[in-house]
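# Remarks on the overall topology
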Amino acid sequence: MGRSSEFPNKTVDVPSVSPFHRDLLARGWLVRIYLDEIEEMSSPEMGILQLITCPVEEAAAVVEKIRSVSSEGIILEFIRTVLVYKFPHWSREEIERMFTLDDLRKTRVFQEAQQEQALSILGKQISRKFGTLPQGRLDQLQSLSLDRLEALAEALLEFNTINDLYQWLDSINAH
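Because the structure is predicted, anything quoted here is derived from the model rather than measured.

So, how was this worked out
- Residues numbered from 1 in each chain as written.
- Predicted model: local features only at pLDDT ≥ 70, side-chain atom pairs only at ≥ 80, totals over all residues.
- Heavy atoms only, no water.
- Helix = DSSP H or I, 4+ residues; strand = E, 2+ residues; numbered from the N terminus.
- Buried < 20%, exposed > 50% of the residue type's maximum accessible area, 1.4 Å probe, protein only.
- Contact = heavy atoms within 4.5 Å.
- Areas by Shrake-Rupley, 256 points an atom, 1.4 Å probe, with all protein chains shown as cover.
- Phe/Tyr/Trp six-rings, centres within 6.5 Å; stacked < 30°, edge-to-face > 60°.
- Lys NZ or Arg CZ within 6 Å of the ring centre and 35° of its normal.

Each helix and strand in the protein chain was counted, giving ten helices and two strands. Looking at the protein chain as a whole, 34% of its 175 residues qualify as buried. Contacts spanning at least 24 positions in sequence make up 62% of the contacts within the protein chain whose residues lie at least 6 apart. Surface accessibility of the protein chain: about 11,600 Å² in total, with carbon and sulfur atoms responsible for 53%.

Attention now moves to helix α2 (residues 44-53). Of the residues making up α2, those classed as buried are P44, M46, G47, I48, Q50 and L51. For α2, the elements touching its buried residues are β2 (30-34), α3 (59-69) and α4 (73-86).

In this structure the tally under the stated criterion is one aromatic pair. Ring plane angle 15 degrees and centroid distance 4.0 Å describe the contact between F87 and W90, whose orientation is recorded as stacked. Its relative accessible area of 2% is what places F87 among the buried residues. The buried category is assigned to W90, whose relative accessible area is 18%. One cation-aromatic arrangement involves R137 over Y166; the distance from NZ or CZ to the ring centre is 4.1 Å.

Below you can see the structure in the form of structure tokens.
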């Protein structure tokens, strides 16, 4: 199967190619693909290439096509990154409108933001209830997954002393 070289349309194609590339084209090992001539989106990757080159007014439709082909978190995250660079004047809200909430929850960025928010809230609650924690214990808190942070938020209501918190953290690390 030949390799491909993608162009948004024929007008931006390279008119003269090196002898090496000319030979690859002649043998069929290199194929030119014009994105504006692709009828069906054959893969999420092809859709991302279309998104990079499409006009602003077509971006939402292209994103919807990509989402219909794939809902993988990494693809969605890459699409979001492409949109941020392609449309730097768009707000975060405008970009996120192209995705469903379920799509966004699959992205690492969303999960990290939730974890940071949970850490911030728990840190404030712990500081208020028990004072400042030693760095080692703060490190333990920061290494907890979102699920563990949620469990800690519930358990924290039952803690009477700082030792209750330490025992909880030690039991988590023991598992």
